Amino acid sequence: MRYSLDRVGYDLLAHALHRCGREEFTGVVHVAGAPGGTLHLRAGLVVGAESPGAPGPEALLLRSGRVSGEQWAEVVRESGGARWPATGLIGRGYAGSAQLRVVCVMALHDAAFAIVAGRVHGCERVAEAEPFATVAVGETCVRLLQDATRRLAALSTLPHPLRPDRERPIPVPGADAGPLTPLRRVLLDEADGRSTARDLAFRTGRGVYTVTVEIARMLADGLLECPDAPVPIAVRPPPDGQGVRQRKPAPVVSAPPAAIPPAVPDALPRRRPGASGIAEALAPDRTGVSWKGFFRLRNGAPK
């Protein structure tokens, strides 16, 4: 397999970032695609990047074991829920400042590589006064894109290149592994035929570019292979050996009869003229007495 760069998508991304650098844009650039991502810029420099295709600084610290989950939760709580509590990590001695700078720069370039290696459908920028920054000194947009394309080109020159989110390697049965580096030993243990290089990078707390290149080299050395179809998930019976049993339906409990609501007439009763008798009571006297005389009699006045 040889890489074919998404030229149309790359041109969209390059044009958007060049414009941001030229205008010294401060804010966020949302990159729609697979996997896509988000770039944070300050005065035209990229100071942070995130992508579903690459582990961020938090994942690199936690999954690699550099910082435990309890330590991370502690400093996040003390910082009031900060997304990147670097000050707390350094203050409590959980990580050094130089170590955090290296992790953040690696995550920044790793996210840019994942975005460029995938498909870019469009870019949208949103201005923000204070963008989320993981590095103090940002990277220029041109240099970040050049580094991503250089990594992509280096990967394509390997004997067995692969995409970070496509191939799912498995160990070759009976292969003579010989002396293994710590990364190769972990990849041999974690490769199961269902995980891509991206999945293994998140699981091991390593950069997606580093894991992808190492898997490509292990494919060339005969330690890993990529099956045509994903390995099926083995279904094991329960420990009691009874197998899968049909669930018995719950007993039906008869409910008490519902109260019958009072009958509501379909239509309101119709009034009949003269039914109340008020018309006869107020009818004028037939003997010739006028209405004026009627009111005089009612008020007790003489005629």
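Preceding this section is the structure that the text describes.
Just so you know, these numbers come straight off a predicted model, no measurement behind them.

(A) The pattern of salt bridges, seen in detail. In this structure the tally under the stated criterion is 15 salt bridges. A salt bridge links Glu 74 to Arg 92; its shortest N-O distance comes to 3.1 Å. Here Glu 74, found in helix H3 (residues 69-78), pairs with Arg 92, found in the loop between helix H4 (86-91) and helix H5 (97-117); they are 18 residues apart in sequence, far enough to count as distant. Here Arg 92 falls in the partly exposed class, since its relative accessible area comes to 40%. Connected through salt bridges with shared partners, the residues Asp 110, Asp 147, Arg 150 and Arg 151 form a single ionic network.

(B) Summary view of the sheet that holds strand S3 (residues 45-50). Pairing is antiparallel in the open sheet, where five strands are placed in the order S4-S1-S2-S3-S5. The two strands at the open ends of the sheet, each matched to only one other strand, are strand S4 (119-127) and strand S5 (139-140). Bridge count between strand S1 (residues 27-34) and S4: eight bridges; the pairing is antiparallel. Residue Ala 34 lies in a different strand from S4, and its bridge partner there is Arg 119. Lying on the sheet, helix H1 (residues 7-23) is in contact with S1, strand S2 (37-42) and S4; it crosses S4 at an angle near 20 degrees. Seen against the sheet, H5 touches S1, S2, S3, S4 and S5 and runs at an angle of roughly 70 degrees to S3.

(C) Representation of unusual backbone geometry. The omega angle of the peptide bond from Ala 34 to Pro 35 is 5 degrees, so this bond is cis rather than trans. Within the fold, Pro 35 resides in the loop between S1 and S2. Of note, the phi angle at Glu 24 is positive, near 55 degrees, even though the residue is not glycine. With respect to the helices and strands, the residue Glu 24 is situated in the loop between H1 and S1. The phi torsion at Ala 43 lies on the positive side, around 55 degrees, for a residue other than glycine. On the secondary structure map, Ala 43 appears in the loop between S2 and S3. Residue classification places Ala 43 among the partly exposed residues on the basis of a relative accessible area of 43%.

So, how was this worked out
Residues numbered from 1 in each chain as written. Predicted model: local features only at pLDDT ≥ 70, side-chain atom pairs only at ≥ 80, totals over all residues. Heavy atoms only, no water. Salt bridge = Lys/Arg side-chain N within 4 Å of Asp/Glu carboxyl O. Helix = DSSP H or I, 4+ residues; strand = E, 2+ residues; numbered from the N terminus. Buried < 20%, exposed > 50% of the residue type's maximum accessible area, 1.4 Å probe, protein only. Pairing = 2+ DSSP bridges. Contact = heavy atoms within 4.5 Å. Axes fitted to C-alpha atoms, helices over the stretch in contact; angles between N-to-C directions.

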